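Fold and geometry: a report
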Amino acid sequence: MKNGVFTDFKVFAGNSNPELAEEIAAIMGKPLGKSTVTKFSDGEISVSLWETVRGYDVYVVQSTCDPVNDNLMELLIMIDAMRRASAGRINAVIPYYGYARQDRKAKARDPITAKLVANMLVAAGADRVISMDLHAAQIQGYFDIPVDHLHGMPILTKYFRSRNIEDLVVVSPDHGSVTRARSMAQPLDAPIAIVDKRRPKANVSEVMNIIGDIEGKNVLLVDDLIDTAGTICNAANALKERGAKEVYACCTHGVLSGPAMERIEKSAISELIVLNTIPIPEEKQIGKMKILSVAPLFAEAMLRIFSNDPISRLYV
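These notes cover the structure that comes with them. (Residues numbered from 1 in each chain as written. Predicted model: local features only at pLDDT ≥ 70, side-chain atom pairs only at ≥ 80, totals over all residues. Heavy atoms only, no water.)

1. Some details on the environment of Y97
Within the secondary structure, Y97 is located in the loop between β5 (89–94) and α3 (113–124). Note on Y97: relative accessible area 4%, which makes it buried. Leaving out residues up to four positions away in the same chain, Y97 has contacts with T64, A114, V117, A118, L121, S131, L134, I139 and F143. A distance of 2.8 Å separates a polar side-chain atom of Y97 from the backbone oxygen of A114. Looking at Y97, its side chain comes within polar contact range of the main-chain nitrogen of A118, at 3.2 Å. (Helix = DSSP H or I, 4+ residues; strand = E, 2+ residues; numbered from the N terminus. Buried < 20%, exposed > 50% of the residue type's maximum accessible area, 1.4 Å probe, protein only. Contact = heavy atoms within 4.5 Å. Polar contact = N/O pair within 3.5 Å; in protein donor to acceptor, adjacent residues only side chain to side chain.)

Here's what the structure looks like:
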């Protein structure tokens, strides 16, 4: 480090999303750091760093997606290895931050796993976290270290602006995504509508009503993540039944677990756009799905962090 600025940086990756990590590193003009992340015969994770990190500004790219616990432990152990190897600064780059949906006590005796994971990352030795579209923005406050919260909506907005879809209405699939829908509707110069739903239990949703005018309109459903796709598909089908023309959908994080792909294939959704914060295997990539890359945005943000330039200018 010289005059408060690191002289060089390195980018490493765990096993969760190596393709994204390689793309980020290539844009930043660096090869991925040499490391291996394997398992002992009993399932314990073993990490080996094959090059020096002493004094470097290091970035560890790892989404905590399925298998969530393995990927989380890989990240924690890599951070610990770098701390013990005297890395100058350790930046945990977590495109998808798992365990974020349990961010408050919704009922008695609930855990708050979003805070628990934050504590674990800090205890392991992370100096900074870089993530995208946290399930709730206030999760940034769970950390006692700097958090750079990137937004995937501008990438999605740019794509749909290029499509120039007429009579477009941006729809929030539930009350919790209204702010997200409004932020996307404004640059698209489109009105918004809201799907009024109730959730009798986890991963189950029922549409009760549609708030707003969608009859005879093309609609765009916006969410931060799609897991089992029950919410987004029920909303799409309800919109179609109530007179919507074409139904588009988009999200930042394509978790796509369990029956998600079958539901999407059979739903009224004509096109689904997802970002690659989570790797989507080929067997899940159906014809109506398009994947956009977040690598340019992460690479630019990481370069700005390295050089102490503001992140906010990425969205100006």
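2. Observations regarding the pairing of strand β1 (residues 9–13)
With five of five residues buried, β1 is to be regarded as a mostly interior element. On β1, burial covers both faces: F9, V11 and A13 on one face and K10 and F12 on the other are all buried. Where β1 and strand β4 (residues 57–61) come together, five bridges link them in parallel fashion. The partner of V11 across the bridge, within β4, is Y59. (Pairing = 2+ DSSP bridges.)

3. Quick look at helix α5 (residues 178–188)
Three or more residues of α5 are buried, namely V178, R180, A181, M184, A185 and L188. Down the axis of α5, the smallest arc covering the buried residues is 155°, so these residues share one side. For α5, exposure combined with an orientation more than 90 degrees from the buried face picks out T179 and Q186. A positive phi of about 55° marks D189, the residue just after α5. (Arc of directions from axis to C-beta.)

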